[in-house]
Amino acid sequence: MTQTITTAGIDTSKAKLDVAIYGRSERWQVSNQPGGWRRLASELHKGGVRRVGIEASGGYERGVIAELRERGFTVLVLQPIQVRAYARVHLRRAKNDALDAILIAACAASVKPPTIEADERLEKLADHLTYVEQVEEDIARLKVRLEHVADPRLRRIVMADIGRLKARRAAELLRIVNQLRAYDDLARRLHLVLSVPGIGERTALALIIRMPELGRVSREQAAALAGLAPYDNDSGIYKGQRRIAGGRHRLRRSLFAAALPAAFRWNTALIALYARLTARGKAHNAALVACARKLLIYANTVLQRGTPWLEKPAAT
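This structure is a prediction, so every number in the text was calculated from the model and none was measured.

Engineer: Teacher, can you tell me more about the overall build of the chain here?
Structural biologist: Assigned secondary structure in the chain consists of twelve helices and nine strands. Considering only C-alpha atoms, the chain reaches an extent of 70 × 60 × 45 Å along its principal axes. For the chain, the residues scored as buried account for 40% of the 316 residues in total. Restricting to contacts in the chain with at least 6 residues of sequence separation, those with at least 24 account for 60%. Working note: accessible area of the chain is about 18300 Å², and carbon and sulfur atoms make up 54% of it. Measuring between centres, the 53 positive side-chain charges of the chain sit 5 Å from its 31 negative side-chain charges.

Engineer: Sorry, what's going on with the layout of surface pockets here?
Structural biologist: Rolled over the atoms, a probe sized like a water molecule indicates the empty space that remains. Considering only enclosed or pocket space, the largest pocket measures out at about 2300 Å³ in volume. Looking at the largest pocket, it is lined by 50 residues, and the ones nearest its centre are Val77, Gln79, Glu123, Glu213 and Arg248. Secondary-structure elements contributing two or more residues to the lining of the largest pocket are α2 (62–70), β5 (74–78), α3 (80–89), α5 (120–146), α8 (201–210), α9 (219–225) and α10 (249–266). Looking at which element gives the most residues to the lining of the largest pocket, the answer is α5, with seven residues.

Engineer: Would you take a moment to explain the sheet that holds strand β2 (residues 16–21) for this structure?
Structural biologist: The strands making up a sheet are joined through hydrogen bonds of the backbone, oriented either antiparallel or parallel. Reading across the sheet, the five strands line up as β3-β2-β1-β4-β5 and stay open at both edges, with mixed pairing between neighbours. Strands with a single pairing partner mark the edges of an open sheet, and in this sheet they are β3 (27–31) and β5. Neighbour-to-neighbour, the strand axes of this sheet turn through a mean angle of 25°, independent of strand direction. In this structure, β2 lies alongside β3, joined through five bridges in antiparallel fashion. Residue pairing for β3: Leu17 is matched across the bridge by Val30. Packed onto the sheet, helix α1 (residues 34–46) meets β1 (7–12), β2, β3 and β4 (51–55) and runs at close to 150° relative to β3. Here α3 sits on the sheet and contacts β4 and β5; the angle it forms with β5, its principal contact strand, is near 80°.

Engineer: Please clarify how the pairing of β4 should be interpreted in this entry.
Structural biologist: In the case of a regular strand, side chains alternate between the two sheet surfaces. Counted residue by residue, β4 has five buried out of five residues, so it is predominantly covered. Going residue by residue along β4, you find Arg51, Gly53 and Glu55 tucked away on one face and Val52 and Ile54 tucked away on the opposite face as well. By the bridge criterion, four bridges tie β1 to β4 in an arrangement that is parallel. Opposite Thr7, over in β4, you have Arg51 as the bridge partner. Looking at chain direction, β4 and β5 are connected through five bridges and run parallel. Directly across from Arg51, in β5, lies its bridge partner Thr74. The handedness of the β4 to β5 crossover, carried by α2, is right-handed.

Engineer: What's the story with the pattern of salt bridges in this structure? I'm lost.
Structural biologist: Pairing between side chains becomes possible if they bear opposite charge and their charged atoms approach one another. Scanning the model with the defined rule gives 20 salt bridges in all. The closest approach of N and O atoms between Arg202 and Glu136, which form a salt bridge, is 2.9 Å. In this pair, Arg202 sits in helix α8 while Glu136 sits in helix α5, placing the two residues 66 residues apart along the sequence. Given the relative accessible area of 22%, Glu136 is considered partly exposed.

Engineer: Would you take a moment to explain helix α7 (residues 184–194) for this structure?
Structural biologist: Given 3.6 residues per turn, any residue in an α-helix points the same way as the ones three and four places further on. The complete set of buried residues in α7 reads Leu186, Arg189, Leu190, Leu192 and Val193. Looking down the long axis of α7, one finds its buried residues gathered within 165° of arc, a one-sided arrangement. The inward-facing, buried residues of α7 contact α5, α6 (152–181), α8 and α12 (284–305).

Engineer: Please explain the side chain of Thr12 as it appears in this structure.
Structural biologist: By secondary structure assignment, the location of Thr12 is in strand β1. Judged by relative accessible area, Thr12 falls into the buried class, the value being 12%. If sequence neighbours within four positions are ignored, Thr12 has contacts with Leu17, Asn32, Ile54, Glu55, Ser57, Tyr60 and Glu61.

Engineer: Any chance you could explain the packing of α5 against α6 here in plain terms?
Structural biologist: Two measures define how a pair of helices packs: the angle their axes make with one another and the distance between the axes. Packing of α5 against α6 leaves a shortest axis separation of 9 Å and a crossing angle of 160°. In terms of their interaxial angle, α5 and α6 are classed as roughly antiparallel. When you trace α5 past α6, the crossing you get is left-handed. Across the contact of α5 with α6, the residue classes tally to 15 nonpolar, two polar and nine charged.

Engineer: Whenever I open this one, the nonpolar core confuses me. Can you help?
Structural biologist: If you look at soluble globular proteins, the nonpolar side chains tend to sit buried side by side. Formed by 50 residues in total, the largest nonpolar core has its most connected members in Leu207, Ile209, Leu255 and Leu296. Mapped onto this core, the elements with two or more residues apiece are α5, α6, α7, α8, α10, α11 (268–279) and α12. No other element matches α12, which puts twelve residues into this core. For Leu207, the contacting residues outside a window of four places in its chain are Val193, Ile199, Leu214, Leu251, Leu255, Leu296 and Ala299. In this structure, Ile10, Leu17, Ile21 and Trp37 belong to the second largest nonpolar core, which totals 19 residues.

Each value, and the rule that gives it
Residues numbered from 1 in each chain as written. Predicted model: local features only at pLDDT ≥ 70, side-chain atom pairs only at ≥ 80, totals over all residues. Heavy atoms only, no water. Helix = DSSP H or I, 4+ residues; strand = E, 2+ residues; numbered from the N terminus. Buried < 20%, exposed > 50% of the residue type's maximum accessible area, 1.4 Å probe, protein only. Contact = heavy atoms within 4.5 Å. Areas by Shrake-Rupley, 256 points an atom, 1.4 Å probe, with all protein chains shown as cover. Lys, Arg positive; Asp, Glu negative; His and termini not counted. Charge placed at Lys NZ, Arg CZ, Asp CG, Glu CD. 1 Å grid on protein atoms, 1.4 Å probe; cavity = no way out; pocket = protein on both sides within 12 Å on 5 of 7 lines; lining within 4 Å. Points joined across faces, edges and corners; volume = space filled by probe spheres on them. Pairing = 2+ DSSP bridges. Axes fitted to C-alpha atoms, helices over the stretch in contact; angles between N-to-C directions. Right-handed = clockwise from strand over helix to strand, strands pointing away. Salt bridge = Lys/Arg side-chain N within 4 Å of Asp/Glu carboxyl O. Arc of directions from axis to C-beta. Parallel < 35°, antiparallel > 145°, perpendicular 65-115°, else oblique. Left-handed = near helix turned anticlockwise from the far one by under 90°. Nonpolar A, V, L, I, M, F, W, Y, C, P; charged D, E, K, R; others polar. Core = buried A, V, L, I, M, F, W, Y, C linked by side-chain atoms within 4.5 Å.

Function cannot be read off these values alone, since they describe shape.
So this is what it looks like as structure tokens:
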């Protein structure tokens, strides 16, 4: 196939960006600051570049991505596993920043752009949701610490810290909900997802913010994106155990946490599913993964249909 779209690759670090254009000899660096982003966009325009690949690198890439998308470039955010796999396929072992930019450019030139474009509103809310998740992790650590604290004064200090973090978590969640509901389309999506029994506000926020594709992909694609799709592990006569892998781990964690109460109390379909699976010998965690996948499928379904969930009456 002849490459018709000129593609560039960017290797990102905290201080600088290394840039290469696929199939050309041009290599250069710019600072990872607004001035460098503007210079980069200008150089890419001069070079006729329309598509840019950049590897996700813990947030250092966000500023330049926003700048390039605002300037009209198609930006592909590649996962590190994609770039590493491409390097292995093409037997590329040498590694430095300039070579990484060349590799990212080649990888970006070979993959299809996403059919669903990124939503800047959700990307901003994702940062706030990540902060809430980090606060939740801090609360969990303090609760574990409390189990090993006997001194009454120290226990009061830890309990006060837990109370303070819980209040911060509640305030941040309320802020996220209010910001999301300021947009009619996002408020509608939130309303539909909340109609599914077993999906509370915290889980609904994770679904809406972490998976903008929800409602526009198949159930199998949704499960794969969340890392809840069971993958085969067979070879010849060997039949391995199916396991989940990859996906968006923060979303998967939110769904797994919601699956337990949903499968024991809130969702009659999941209560029945959990009972069937465990009766057939499935382990507790495997049954909960199946329930988490079902919750995701239910949310995907209500968004596809555009109508709230309707509980089916129990068979008599």
